[in-house]
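Listed below, chain by chain, are the residues.
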Number of protein chains: 2
Amino acid sequence: MFSIGELSRRTNVKVPTIRYYEESGLLDAPERTEGNQRRYDAVGLERLSFIKHARDLGFSIEAIAALIDLQGHPDRSCAEANDIATAQLSDVRAKIKRLRALEKELARISKGCDGDGVTEDCYVLASLSDHGLCEREH
Amino acid sequence: MFSIGELSRRTNVKVPTIRYYEESGLLDAPERTEGNQRRYDAVGLERLSFIKHARDLGFSIEAIAALIDLQGHPDRSCAEANDIATAQLSDVRAKIKRLRALEKELARISKGCDGDGVTEDCYVLASLSDHGLCEREH
DNA sequence: ATACGATCTCTAGTGACTAGAGGTTCAAGA
DNA sequence: TCTTGAACCTCTAGTCACTAGAGATCGTAT
Ligand SMILES: [Zn+2]
Ligand SMILES: [Zn+2]
Ligand SMILES: [Zn+2]
Ligand SMILES: [Zn+2]
């Protein structure tokens, strides 16, 4: 049995975030001391580690709630878990694609200015004013 | 002179977003009709196009405000504009790097599950429970 | 017994919008 | 000129995943 601060230290999840997860329904409300302080056990620690890892991989709170729900039904098909992971992967890939397009344009834009001129002639400002200078869509 | 709806159509920025930009100080408050409706001119259109383009490239409202301020002083050095663009490029690159690490782990995780088993044996759920299965940090 | 760090609840703020309520104005057609 | 209805107005609240702070209480070590 350990306090919320101890749980925080063991998982690298901040105390207010742990309370937020409880309020959001991701974490079960733990036991309390007589003085109303939360006390966790190994199950709580494992659960929070799962949540932390999933958040680090970019899953939304909603997706994590669904995954936790699945975990609670060990004999159900895991198709939905697979769907959630696949959707997350697609999402990440879409973000990468978009960011790569931005990277190309930004590299071009920042290369066009050495920071030595005046703003009137600045290629950064000119580029932002005119998408026609961009080499592709973004 | 045209309405906010017309400005919205020409820039592909939604009407409430235009009002939000005005409230945030990015757009000057335009003239109003006797009945209190906003009326824009070419200058407003140009300004909003600039903002839209910068937002599409991922610049924050705050950065855009700084860039607009620089635009208003044509004879000042453009070093700051260059700094802002460079910082944005670094930011995008850092995001790409992180997302690529996530992509690798997520690809491994979702490949390890074909969605045919039960959740008890699911590699997706096992991987989320145990960061030790990950091949690298993320 | 006292001190003091940790914990409690509650409210509000972040960024960049988006949605909705309830009311007013504009412009086109009759 | 009148009427209709789309477009406009302001204001509040909601989104996501936290983060910050106030003010009060608790737990534990000395
Ligand atoms: Zn420059
Ligand atoms: Zn562009
Ligand atoms: Zn599976
Ligand atoms: Zn991992």
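Structure shown above.
From a predicted model like this one, the values you see are computed outputs, not experimental measurements.

J.: Please give an account of the protein's contact with DNA strand C that cites residues and values.
T.: Every one of the 19 residues lining DNA strand C counts as a neighbour, but Ser3, Gly5 and Arg19 of chain A together with Thr33 and Arg55 of chain B are closest to it. Gly5 of chain A is positioned such that a nitrogen or oxygen atom in its backbone is 2.7 Å from a phosphate oxygen of DNA strand C. Within the side chain of Thr17 of chain B, a nitrogen or oxygen atom sits 3.0 Å from a phosphate oxygen of DNA strand C. For the surface near DNA strand C, the secondary-structure elements that each account for two or more residues are α1 (4–11) of chain A together with α2 (15–23) of chain B. Looking at the surface near DNA strand C, the element that brings in the most residues is α2 of chain B, giving three residues. Partitioning the surface near DNA strand C into residue classes produces four nonpolar, nine polar and six charged.

J.: Quick rundown of a positive patch on the surface? Include the residues and the values.
T.: Residues Arg100 and Lys104 of chain A together with Arg100 and Lys104 of chain B make up a contiguous surface patch of positive charge. Those elements that provide at least two residues to the positive patch are α5 (79–111) of chain A together with α5 (79–111) of chain B. Counting through the fold element by element, Arg100 of chain B comes out in helix α5.

J.: So, the interface of chain A and chain B: which residues are in play, and what are the values?
T.: Across the contact, 56 residues belong to chain A and 56 residues belong to chain B. Buried surface at the junction of chain A and chain B, both sides included, amounts to about 4,500 Å², of which 71% is carbon and sulfur. Inspection of the region where chain A meets chain B yields two salt bridges. Of the charged contacts, one joins Arg93 of chain A and Glu103 of chain B as a salt bridge, the two residues approaching to 2.8 Å between their closest N and O atoms.

About the thresholds
Residues numbered from 1 in each chain as written. Chains lettered and ligands numbered in written order. Predicted model: local features only at pLDDT ≥ 70, side-chain atom pairs only at ≥ 80, totals over all residues. Heavy atoms only, no water. Near = heavy atom within 4 Å. Polar contact = N/O pair within 3.5 Å; in protein donor to acceptor, adjacent residues only side chain to side chain. Helix = DSSP H or I, 4+ residues; strand = E, 2+ residues; numbered from the N terminus. Nonpolar A, V, L, I, M, F, W, Y, C, P; charged D, E, K, R; others polar. Patch = residues over 30% accessible without salt bridge, like charges linked within 9 Å, V, L, I, M, F, W, Y side chains within 5 Å. Areas by Shrake-Rupley, 256 points an atom, 1.4 Å probe, with all protein chains shown as cover. Salt bridge = Lys/Arg side-chain N within 4 Å of Asp/Glu carboxyl O. Lys, Arg positive; Asp, Glu negative; His and termini not counted. Charge placed at Lys NZ, Arg CZ, Asp CG, Glu CD. Contact = heavy atoms within 4.5 Å. Buried area = accessible area lost by both parts, 1.4 Å probe.

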